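Chains, contacts and geometry: an overview
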Amino acid sequence: MSATPAPDTADTPAHRYTGALAQQIEARWHDRWDAAGTFNTPNPVGPLAGPGADKPKTFILDMFPYPSGAGLHMGHPLGFTATDMYARYQRMAGRNVLYTMGFDAFGLPAEQYAVQTGQHPAITTNQNIDNIRRQLRRLGLSHDPRRSVSTTDPDYYRWTQWIFREIFNAWCDPDTKKARRIDELVAEFDAGTRAAKTGDWATMSKAERRRELDQWRLAYVSDAPVNWCPGLGTVVANEEVTADGRSDRGNFPVFKRNMRQWMMRITAYADRLLDDLDLLDWTDAIKAMQRNWIGRSEGATVHFPVAGHDGERITVFTTRPDTLFGATFMVLAPEHPLVDTLTTAEHADAVAAYRRAAEAKKDVDRQDENREKTGVFTGAYAVNPLNGQQIPVWIADYVLMGYGYGAIMAVPCGDQRDFEFARTFGLDIVAIQAPTDGRGTDCSTWADAFVGDAPYVNSSNDSLNLNGLATKAEGVSATNAWLEAHGHGHATITYKLRDWLFSRQRYWGEPFPIVYDADGNPHALPADMLPVLLPDTDQFSPRTFDPDDAMSNPESPLDRLGDWVEVTLDLGDGPQTYRRDTNVMPQWAGSCWYELRYLDPTNDDAFVAPENEAYWMGPQGTKADGTPHPGGADLYVGGVEHAVLHLLYSRFWHKVLFDLGHVSSVEPFHKLFNQGYILAAAYTDERGMYVDAHAVEERDGTYTFEGRPVTREYGKMGKSLKNALDPMDLCELYGADTLRVYLESMGPLDASRPWESKDVVGAHRFLQRVWRNIIDEDTGTVRTLAEEPSTDTLRVAHRTIAAVSEELDNLRFNTAIAKIIELNNHLTKLGGCPASLADTLVTLVAPFAPHMAEELWARLGHTDSITYAPFPVADPAYLVAETVEYPVQVNGKVRSRITVSTDAPAADVEAAALADDKVQAALGGGSPKKVIVVPGRMVNIVA
RNA sequence: GCCCGAGUGGCGGAAUGGCAGACGCAGAGGACUCAAAAUCCUCCGAUUGAAAGAUCGUGUGGGUUCGAGUCCCACCUCGGGCACCA
């Protein structure tokens, strides 16, 4: 279903603002802006230094796009024009604005396309980037073109590799939780002020010392369980695995396998990533998602001795150490290493069978809806350290090896899962709290576990007595102190966050700046050997496997390039033969720091000069609420789908760079704004298949496709629902300015909104009226009104100025546009725009419809671009009227209106209200009990 | 199950605790026109009324308040995130 602008007819005035004229105007200004370098933004120092870098700054950032072959979809201009409007407004408000656009161009689609066509991904990637640059230009986005970067450019990924090298050469000091250089760790080992993990540093061999250091690095090779995806032929990060155990790209099964892979020690930053969320101006929803993903939980580590196994103990993590007296059994994950040791001969067969079943069930059948509790007894007994009771040890798959210690103490009276397990297998349930809901302490009568604060019972031994305490907080701290004092455990914090799996067995990504010596030790290449160029090949695909072949092994495309892999280098010990690392970095690597490269994109000496970083991203003192400003981009707009992956990874890298002294900002993105999706009607036929939405016809509320009825639904605009619209087609029809105004006026930026093609004409008509209020449609000459505007008109104009500034400051583009429409409608009623208000009207419109504004600005006689014209400032004198109309309520219902002078005291307003005939009638002769006068707003009389 | 959001005319949406429905679309009427389109003007929540007005009205039910779309409690529906996380 489509709508088109009114067709041009023979008597359409020659100079009407039609789609065709809009396009002429727009093309003209694109050329002029390019030729003049209008949006070039000066830096304080370096190649892009220039005058103006002493002004206050605003750094406005969009999530940069993947350069898909299909070009931009409608969601891109939604966010991009919003930031453009804000950028243009900020420039007119006198700020130095950094605003540009780069490309997140490594990744799977380009590689897969290359596999299909045999064309090198660099070629298609560059073609796609050129195409998207053309599209961005057509939308009139005021990017500084000199600052545009692509993650695939060797001049860019040189620094991605350089940062990797910095991370590799760093360790996280556990005392301060800050990254430090590995040299400082060596110095501490040498001085004996820090103990090595793997032995006595002083007596270690060179190779042993190297292995010790490798254990501390923030980027490290680990032989640990990773997510192996045979269907993609690569491993993927935890964050890239969906809840049902499949890859988010391609939807292939993912298997847990032990493999040697690169990891990033993001867990060392868990607390800071969590705590510093408080410094950020992000929505609570996104903060909650990050908190949830980090999954910090406070509790205790408790050791349970095993009966009959001297020295053997089961260690568990619990968030409720206060309920330890109620622990009546223990459960290990089926994969727990102690299972073999503990299982008695009598139970060995059952345990082995259960473990096999659990193994098979993994990943695929995991999302069992009914979640019946299963498990088997090992035959072993553990000893509750608090009361000496022997409790049975079971294994069950509801306990996960990957969290805590892979073992739990089960307190069935206070945990619903343990309760269900105990009921299923007839295990003891003992109350250790007197529930506050009156159910009593006989657990055999309970329907479920009791969770919450309640007085403790049955909770004492010789040296610890919880009975009488009534809150979890008191119980936990008393128990933790006891555990610590008696050597049975200690307070502990655990996280759901795992270290970040950083290597991929693909082609189209950044090579690692790492080589291995003859002993297999990794060495980071020195900075002057960067970049490690991605070698040329015509075999772009990794070996992929049957998606279900869990035991297959990855083969990276780079593995096949023997000439490239084998390399002779002098890394300080004379020329030696090394093997290059054949992994590439995940797509997230390039997007972890691109905002920093925008600041200084052509700097050859550093990824960003410190002066430029401090100017654009440095902390801005203390915020209004007293918290320190963390620095970072002033505005970051993008979709909510990156809430965990990109935003968590880039925060981590930024903090490492901060610790190592490379940046002054603590966080990369100070204010984050999540744009909504563009939804559009989609239609399914009787088989439930989507049909081309643009060919559906509506008649009297029913929809048909090729004569057959179809069902309408709404979904995210896109190819899969066959309801996508190309933003370029809209530019063709109406011009970019109309598309911009429509996109931003249809609702608040953070809301998803349904596209309605028939509504676009409203935005177009608005711009047409602005044009007509200034330009004669027949002659094309300026036709502003000579007479001075009335006070009434000036009031409307200045109220509009004040409101638009206010709305723009808060990114409320939809209401800002509505206010300008009101002003313009007022001028339309006057018969045109008074000459003395023309500049004001045009500058108000400029952030929204910049091409039309430039054109009108020029025709009004200005020779400079409107880009840096000052945004109008409201004259306070016109913001207050001489008289004000008060609604008068009687008992909360509006009964009348009175007009009094603006500065009338409340007593006069009250008197005027009471004197009003309609008010008197509503009062029915009675006298008011109370009169409330809200100055400037209203009067309410309580009768 | 848990954690976030959101429910307002025919539609998209607007409202620092203070006149609900700004602005736009659709719709109705009028002006202009030979006519149509475009443009301009007026109307446009429901019920009732000739009109003035009256009554009702922001998912449902309670509450706080002189006054609630807005704040509080409970519930319903939809959207998003997490999900046997100890």
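All figures in this text were calculated on a predicted structure; none of them were measured in a lab.

Let's talk about the overall build of chain A
A count of helices and strands for chain A gives 27 helices and 31 strands. Its C-alpha atoms give chain A principal-axis dimensions of roughly 100 × 90 × 70 Å. When the 943 residues of chain A are sorted by exposure, 54% land in the buried category. Partitioning the intrachain contacts of chain A with sequence separation of at least 6 by distance along the chain shows that 70% fall at a separation of at least 24.

With respect to the packing of helix 23 (residues 813–830) against helix 24 (residues 835–845)
For the pair helix 23 and helix 24, the least separation of the axes is 11 Å and the interaxial angle reads 150 degrees. By the angle between their directions, the pair helix 23 and helix 24 is classed as roughly antiparallel. Crossing hand, helix 23 versus helix 24: left-handed. Counting all contacts with helix 23, which are made through I820, L823, N824 and L827, the residues of helix 24 involved are L841, L844 and V845. Residue composition of the contact of helix 23 with helix 24, grouped by class: six nonpolar, one polar and no charged.

Overview of unusual backbone geometry
L530 connects to P531 through a cis peptide bond whose omega is 0 degrees. Counting through the fold element by element, P531 comes out in the loop between strand 17 (522–524) and helix 14 (562–565). The phi angle at L811 is positive, at roughly 60 degrees, despite the residue not being glycine. Relative to the elements of secondary structure, L811 occurs in the loop between helix 22 (791–809) and helix 23. Look at L811 and you get buried, because its relative accessible area is 6%. Positioned with a positive phi, N891 is a non-glycine residue whose angle comes to about 55 degrees. As for its position among the elements, N891 is in the loop between strand 28 (883–890) and strand 29 (893–901).

A closer look at the sheet that holds strand 28
The sheet built from four strands is open, its strands ordered 29-28-31-30 with mixed pairing. Because the sheet does not close on itself, it has two edges, and the strands there are strand 29 and strand 30 (930–934). Between one strand and the next, the sheet's axes are offset by a mean angle of 20 degrees, whatever the strand orientation. Bridge analysis of strand 30 against strand 31 (residues 938–942) gives five bridges, and the strand direction is antiparallel. The residue bridging I932 from the neighbouring strand is N940, located in strand 31.

Quick notes on the protein's contact with RNA strand B
Neighbouring RNA strand B are 52 residues; R16, T319, R417, R765 and R897 lie closest to it. In this structure, a base nitrogen belonging to RNA strand B sits 2.7 Å away from a main-chain N or O atom of L400. Here a base oxygen of RNA strand B and a side-chain polar atom of N940 are 2.6 Å apart. At the level of secondary structure, the elements contributing two or more residues to the surface near RNA strand B comprise helix 9 (284–294), strand 9 (309–318), helix 21 (760–774), helix 23, strand 28, strand 29, strand 30 and strand 31. No other element matches the eight residues that helix 23 contributes to the surface near RNA strand B. Of the residues contributing to the surface near RNA strand B, the split by class is 21 nonpolar, twelve polar and 19 charged.

Focus: the environment of D183
Inspection of the secondary structure puts D183 in helix 6 (residues 182–191). Residue classification places D183 among the exposed positions, given a relative accessible area of 57%. In the structure, D183 is positioned 14 residues away from N169 in sequence and 8.2 Å away in space, judged by C-alpha atoms.

Focus on the packing of aromatic side chains
One pass over the structure, following the stated rule, counts 39 aromatic pairs. Note on W262 and F512: the rings are 5.6 Å apart at their centroids and 20 degrees apart in plane angle, and the pair reads as stacked. With W262 in strand 7 (residues 255–264) and F512 in the loop between strand 15 (500–501) and strand 16 (514–516), this residue pair connects regions lying 250 residues apart in the sequence. Across the pair, F512 and W262 agree in class, each one buried.

What about the sheet that holds strand 2 (residues 96–99)?
The strands that make up a sheet pair up through hydrogen bonds in the backbone, lying either parallel or antiparallel. Pairing within the open sheet is parallel, and its four strands lie in the order 2-1-20-21. The open sheet terminates on both sides in strands that have one partner only, identified here as strand 2 and strand 21 (672–674). Recorded for the sheet is a direction-independent mean angle of 20 degrees between the axes of neighbouring strands. Of the pairings in the sheet, the one linking strand 1 (residues 57–62) to strand 2 comprises four bridges and is parallel in character. The residue bridging K57 from the neighbouring strand is N96, located in strand 2.

Some words on the packing of helix 1 (residues 19–36) against helix 25 (residues 850–859)
Contact geometry of helix 1 with helix 25 gives a least axis separation of 9 Å together with a crossing angle of 85 degrees. Between helix 1 and helix 25, the crossing angle belongs to the class labelled roughly perpendicular. Between helix 1, through I25, E26, R28, W29, H30 and W33, and helix 25, the contact on the second element is made entirely by P850, H851, E854, E855, A858 and R859. A class-by-class count of the residues in the contact of helix 1 with helix 25 yields five nonpolar, two polar and five charged.

Comments concerning the state of the cysteines
For the coordinates displayed, the defined rule picks out zero disulfides. Between C172, a free cysteine, and C592, which holds the nearest cysteine sulfur, the sulfur-to-sulfur gap is 17 Å. By relative accessible area, C172 is classed as buried at 11%.

Considering the confidence of the model for chain A
Per-residue confidence for chain A averages 91 on the pLDDT scale, and 98% of its residues sit at or above 70. Here the prediction assigns the complex a pTM of 0.93, and the interface score ipTM is 0.96.

Some details on helix 19 (residues 727–734)
Three or four residues apart is the spacing at which side chains of an α-helix point the same way, because the helix has 3.6 residues per turn. Buried within helix 19 we find P727, M728, L730, C731 and Y734. Along helix 19, the residues classed as buried sweep out an arc of 155 degrees about the axis, all on the same side. If you follow the buried residues of helix 19, they end up packed against helix 1, helix 2 (75–92), helix 4 (121–138), helix 20 (736–745) and helix 21. Backbone nitrogen of M728 and a side-chain oxygen of the N-cap are separated by 2.8 Å at the start of helix 19; the cap is D726. Where helix 19 terminates, the next one or two residues include G735, which has phi positive at roughly 95 degrees.

Describing the side chain of E26
Summarising the element assignment, E26 is placed in helix 1. The buried charged residue E26 lacks any salt bridge, with R138 as its nearest oppositely charged partner at 5.6 Å. Residues within four places of E26 in sequence aside, it is in contact with Y17, G735, A736, D737 and H851.

A closer look at the pattern of salt bridges
Applying the stated criterion across every chain, the model contains 41 salt bridges. E240 is paired through a salt bridge with R504; the nearest N and O atoms lie 2.4 Å apart. In this pair, E240 sits in the loop between strand 6 (234–236) and strand 7 while R504 sits in the loop between strand 15 and strand 16, placing the two residues 264 residues apart along the sequence. Across the pair D278 and R291 runs a salt bridge whose closest N-O atoms are separated by 3.4 Å. In this pair, D278 sits in the loop between helix 8 (270–275) and helix 9 while R291 sits in helix 9, placing the two residues 13 residues apart along the sequence. Judged by relative accessible area, R291 falls into the partly exposed class, the value being 34%. Via salt bridges that share partners, D173, D175, R180, E184, E188 and R194 belong to a single interconnected network.

A closer look at the nonpolar core
Counting residues in hydrophobic clusters, the biggest one holds 174 residues, and the most contacted among them are F164, W500, F502, W653, W755 and F848. When residues no more than four places from it in sequence are discounted, the contact partners of F848 are M85, D737, R740, V741, V804, L808, F813, A816, I817 and I820. Counting residues in each nonpolar core, the second largest holds 54 residues, with A300, Y354, I429 and A449 among its members.

Digging into the pairing of strand 9
The pairing of strand 8 (residues 297–306) with strand 9 spans seven bridges and is classified as antiparallel. Within strand 9, the residue paired with A300 across the bridge is T318. In this structure, the hairpin formed by strand 8 and strand 9 is closed by a connection of two residues, where G308 is found at a positive phi of approximately 80 degrees.

Let's talk about the side chain of D62
Within the element layout of this structure, D62 appears in strand 1. Buried charge without a partner: D62 forms no salt bridge, and the closest opposite charge is R91, 10 Å away. A polar side-chain atom of D62 sits 2.8 Å from a polar atom in the side chain of T83.

Conventions used here
- Residues numbered from 1 in each chain as written.
- Chains lettered and ligands numbered in written order.
- Predicted model: local features only at pLDDT ≥ 70, side-chain atom pairs only at ≥ 80, totals over all residues.
- Heavy atoms only, no water.
- Helix = DSSP H or I, 4+ residues; strand = E, 2+ residues; numbered from the N terminus.
- Buried < 20%, exposed > 50% of the residue type's maximum accessible area, 1.4 Å probe, protein only.
- Contact = heavy atoms within 4.5 Å.
- Axes fitted to C-alpha atoms, helices over the stretch in contact; angles between N-to-C directions.
- Parallel < 35°, antiparallel > 145°, perpendicular 65-115°, else oblique.
- Left-handed = near helix turned anticlockwise from the far one by under 90°.
- Nonpolar A, V, L, I, M, F, W, Y, C, P; charged D, E, K, R; others polar.
- Pairing = 2+ DSSP bridges.
- Near = heavy atom within 4 Å.
- Polar contact = N/O pair within 3.5 Å; in protein donor to acceptor, adjacent residues only side chain to side chain.
- Phe/Tyr/Trp six-rings, centres within 6.5 Å; stacked < 30°, edge-to-face > 60°.
- Disulfide = S-S within 2.5 Å.
- pLDDT = per-residue confidence, 0-100.
- Arc of directions from axis to C-beta.
- Lys, Arg positive; Asp, Glu negative; His and termini not counted.
- Salt bridge = Lys/Arg side-chain N within 4 Å of Asp/Glu carboxyl O.
- Core = buried A, V, L, I, M, F, W, Y, C linked by side-chain atoms within 4.5 Å.

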